[in-house]
Amino acid sequence: MSEKPSKNEDEYFARRDAELLRQQRTAVQQAAAQAERKSHYMKCPKCGYDLITGEWDGIQIDQCTHCHGIWFDAGEAEALLKSPHQNVLARVFRAVITGVSGAKAGEG
């Protein structure tokens, strides 16, 4: 004997299936975002080659193994400028930051 499912059962299974699909889509999107982030981690923004990390005056500096560009994370250039060792390179960084941010470096 085959009985037709009730309207409540149909709605229940439809909601459950929709929720499962939403969860699967979310999981796939999160995995894709994580893979995208991982593919760019420690890669040079200019040429895409690997970055290596070094330390200078207690500041972590990333350098490209190919084009030898030097990259700073947020706040690292400013921290370098506040270093007690003021030299030509620090003055250059200060000029670059002033040009990029439009603010006077060292103000804060």
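Residues numbered from 1 in each chain as written. Predicted model: local features only at pLDDT ≥ 70, side-chain atom pairs only at ≥ 80, totals over all residues. Heavy atoms only, no water.

## Focus on the overall build of the protein chain
Broken down by element type, the protein chain carries three helices and three strands. Secondary structure elements of the protein chain occur, N-terminal to C-terminal, as α-β-β-β-α-α. Across the 108 residues that make up the protein chain, the buried fraction comes to 15%. Across the protein chain, the fraction of contacts at a sequence separation of at least 24, relative to all contacts at a separation of at least 6, is 13%. Accessible area of the protein chain: about 8,800 Å², with a carbon and sulfur share of 56%. (Helix = DSSP H or I, 4+ residues; strand = E, 2+ residues; numbered from the N terminus. Buried < 20%, exposed > 50% of the residue type's maximum accessible area, 1.4 Å probe, protein only. Contact = heavy atoms within 4.5 Å. Areas by Shrake-Rupley, 256 points an atom, 1.4 Å probe, with all protein chains shown as cover.)

## Notes on the sheet that holds strand S2 (residues 59-64)
What links the strands of a sheet is backbone hydrogen bonding, and the strands pair in either a parallel or an antiparallel sense. Taken together, three strands build an open sheet; the order of strands is S1-S2-S3 and the sheet is antiparallel. Two strands lie at the open edges of the sheet, namely strand S1 (51-56) and strand S3 (70-71), each paired on one side alone. As judged from the six bridges shared by S1 and S2, these two strands associate in the antiparallel manner. For Ile52, the partnering residue across the bridge sits in S2 and is Gln63. (Pairing = 2+ DSSP bridges.)

## Looking at the confidence of the model for the protein chain
Of all residues in the protein chain, 72% have pLDDT values of 70 or greater, and the mean over the chain is 77. Highest mean pLDDT in the protein chain belongs to helix H1 (residues 7-40) (88); lowest belongs to helix H3 (residues 88-101) (65). Overall, residues 103-108 carries pLDDT values under 50, and its contacts beyond four positions in sequence, including any with other chains, amount to seven contacts. (pLDDT = per-residue confidence, 0-100.)

## A word on the pattern of salt bridges
A side chain with one charge may pair with a side chain of the opposite charge, provided their charged atoms come close. In total, this model carries three salt bridges according to the counting rule given. The partner of Glu11 in a salt bridge is Arg15, and the shortest N-O contact between them spans 4.0 Å. With Glu11 and Arg15 both in helix H1 and four residues apart, this pair spans about one turn of that helix. We classify Arg15 as exposed; its relative accessible area is 54%. A salt bridge links Glu19 to Arg22; the nearest nitrogen and oxygen atoms lie 2.6 Å apart. With Glu19 and Arg22 both in helix H1 and three residues apart, the pair spans about one turn of that helix. On the accessibility criterion, Glu19 (33% relative accessible area) is partly exposed. (Salt bridge = Lys/Arg side-chain N within 4 Å of Asp/Glu carboxyl O.)

## Focus on the pairing of S2
Sheet topology note: the S2/S3 ladder contains two bridges and is antiparallel. Residue Asp62 lies in a different strand from S3, and its bridge partner there is Trp71. Adjacent in sequence and paired antiparallel, S2 and S3 are bridged by five residues, among which His68 carries a positive phi angle near 65 degrees.

## A short note on the environment of Trp56
With respect to the helices and strands, the residue Trp56 is situated in strand S1. For Trp56 and Leu80, which are 24 residues apart along the polypeptide, the C-alpha to C-alpha distance reads 8.4 Å.

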